[in-house]
Amino acid sequence: MKKAIIITISFLTFVSCNSNAKTSNLIAQNQDQSKLEASMKRGQIVYNDMCITCHLPDGKGVPKAFPPLADSDYLRENQTESIKAVKHGLSGEIIVNGITYNGTMTPLGLSDEEIADVINYINNSWGNKIGNFITPDKVSKL
């Protein structure tokens, strides 16, 4: 009988501790999701003000003139370079989805927070699921 009580108490303690860990993880995930959603909302405003003219409302860009952001292999594979392009501008050849672009993107004069927000918006729009949460701190280190 004593053994059964000890086993039961041990089991309940284990389940209780494990449940707390799962709850903590769930809360952290919800907080991260809320931060991402807030960043994306701010990023959409920046995109509509600064990026939409060249990359268009659907992120598809203009063939051979302005590269697409929607379903962009360059964006997926070159996150650091993409952030630097928004921060410092970009000139020279890049290849996006097999098409060569050789234009100039001037620096937009955005703050690190605005850059983080617009990249988070782009990374999670038009079917993009890049999942790399960008913070202003990450941007400032570039």
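As the structure is a computational prediction, the values presented were derived from the model and not from experiment.

(A) Expanded view of the pairing of strand β1 (residues 90–96). As defined by bridge partners, β1 adjoins strand β2 (residues 99–105) across seven bridges and the pair is classed as antiparallel. Within the sheet, the bridge partner assigned to Ile94 lies in β2 and is Tyr101.

(B) Broad picture of the confidence of the model for the protein. Summing up the model confidence of the protein, the mean pLDDT is 87 and the portion of residues at 70 or higher is 78%. Summarising per-element confidence for the protein, the mean pLDDT is lowest in helix α1 (residues 2–50) (73) and highest in helix α5 (residues 112–123) (98).

(C) Here's a closer look at the nonpolar core. Tyr47, Ile115, Val118, Ile119 and Ile122 are the most contacted members of the largest nonpolar core, which totals 16 residues. For this core, the elements supplying multiple residues, two or more each, are α1, α4 (79–88) and α5. Element by element, the count of residues in this core is highest for α5, at six residues. Beyond its immediate stretch of four places on either side in the chain, Ile115 contacts Ile83, Val86, Lys87, Leu110 and Val139.

(D) How the structure looks around the packing of aromatic side chains. Considering all chains together, one arrives at three aromatic pairs under this definition. Pairing Tyr47 with Tyr121 gives two aromatic rings, centres 5.6 Å apart and planes at 50°, and the pair type is tilted. Here the residue Tyr47 occupies a position in helix α1, and Tyr121 occupies one in helix α5, the gap between them amounting to 74 residues. An angle of 80° between the planes, with centres 5.5 Å apart, marks the rings of Tyr121 and Trp126 as edge-to-face. Exposure remark for Tyr121: the relative accessible area of 11% places this residue in the buried category. Joined through ring pairs, the aromatic side chains of Tyr47, Tyr121 and Trp126 make up one cluster.

(E) Seen up close, the pattern of salt bridges. Under the definition given, this model contains five salt bridges. A salt bridge links Glu113 to Arg42, with the shortest nitrogen-to-oxygen separation between them at 3.8 Å. Of this pair, Glu113 sits in helix α5 while Arg42 sits in helix α1; the two residues are 71 residues apart in sequence, bridging distant segments of the chain. Of the residues examined, Arg42 reaches a relative accessible area of 36% and is grouped as partly exposed. Asp137 is the salt-bridge partner of Lys141, the closest N and O atoms lying 3.3 Å from each other. Since its relative accessible area comes to 65%, Lys141 is described here as exposed. A residue is classified by how much of its surface remains accessible, and Asp137, at 44% relative accessible area, is partly exposed. Ionic contacts of the salt-bridge type, sharing partners, join the residues Arg42, Glu113 and Asp117 into one network.

Cut-off values and rules
- Residues numbered from 1 in each chain as written.
- Predicted model: local features only at pLDDT ≥ 70, side-chain atom pairs only at ≥ 80, totals over all residues.
- Heavy atoms only, no water.
- Pairing = 2+ DSSP bridges.
- Helix = DSSP H or I, 4+ residues; strand = E, 2+ residues; numbered from the N terminus.
- pLDDT = per-residue confidence, 0-100.
- Core = buried A, V, L, I, M, F, W, Y, C linked by side-chain atoms within 4.5 Å.
- Buried < 20%, exposed > 50% of the residue type's maximum accessible area, 1.4 Å probe, protein only.
- Contact = heavy atoms within 4.5 Å.
- Phe/Tyr/Trp six-rings, centres within 6.5 Å; stacked < 30°, edge-to-face > 60°.
- Salt bridge = Lys/Arg side-chain N within 4 Å of Asp/Glu carboxyl O.

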